[in-house]
Amino acid sequence: LASAAAGSTTTTAALNGKAALYSPPPITTDSSQQALKVAKSLQSLNAKMYGAYWCSHCFDQKQILGKEAFETYVQYVECSKDGVNSQTKVCRAKDVPGYPTWEINGKLYPGQQELDELEDLVNGLVK
């Protein structure tokens, strides 16, 4: 359990030979109006954020958007094999280069994005 990221929580204990699964730390920031608007636009574009529970930049990305925006409008794909709801095969099939990576309209945008950067991205794509 020592390998888990600081603040992450163990959801499933090692039981019957099965490995423990980890959840990312909880999002603690409130969403701004700008973050909510960007998140709604991301949802309209069927955007996904690929990440890992242990990834500090993924946590920072979530904090930038805030709890309401991220949990209500953003489709999150857990790529770590020992993360809760892991979709490692999907991440490999998409050839996700690192975490976090955004997929918007089928194109991958690797790296943590500031809110203004995400807004510029979606504004260029939303019709």
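Preceding this section is the structure that the text describes.
The structure presented is a predicted model; accordingly, all values stated were derived computationally and were not measured.

### Observations regarding the state of the cysteines
What is meant by a disulfide is a covalent connection between two cysteines, made through their sulfur atoms. Using the criterion set out here, one finds one disulfide in the structure. Covalently, cysteine 79 is tied to cysteine 91 through a disulfide, its sulfur atoms 2.0 Å apart. Between cysteine 79 and cysteine 91, the S-S torsion sits near -80°, and that sign places the bridge as left-handed. Taken together, the residues cysteine 79 in the loop between β4 (75–78) and α4 (88–93) and cysteine 91 in helix α4 connect sequence positions 12 residues apart. When its relative accessible area of 4% is taken as the criterion, cysteine 79 is described as buried. The exposure class assigned to cysteine 91 is buried, which follows from its relative accessible area of 5%.

### Here we look at the packing of helix α1 (residues 33–44) against helix α5 (residues 115–125)
Where α1 meets α5, the closest approach of the two axes is 10 Å, and the angle between their N-to-C directions is 40°. Relative to α5, the element α1 lies oblique. Between α1 and α5 the crossing geometry is left-handed. Contacts from Gln34, Ala35, Val38, Ser41 and Leu42 in α1 reach Leu115, Asp116, Leu118, Glu119 and Val122 in α5. Of the residues assigned to the contact of α1 with α5, the class counts are six nonpolar, two polar and two charged.

Cut-offs and rules
- Residues numbered from 1 in each chain as written.
- Predicted model: local features only at pLDDT ≥ 70, side-chain atom pairs only at ≥ 80, totals over all residues.
- Heavy atoms only, no water.
- Disulfide = S-S within 2.5 Å.
- Helix = DSSP H or I, 4+ residues; strand = E, 2+ residues; numbered from the N terminus.
- Buried < 20%, exposed > 50% of the residue type's maximum accessible area, 1.4 Å probe, protein only.
- Axes fitted to C-alpha atoms, helices over the stretch in contact; angles between N-to-C directions.
- Parallel < 35°, antiparallel > 145°, perpendicular 65-115°, else oblique.
- Left-handed = near helix turned anticlockwise from the far one by under 90°.
- Contact = heavy atoms within 4.5 Å.
- Nonpolar A, V, L, I, M, F, W, Y, C, P; charged D, E, K, R; others polar.

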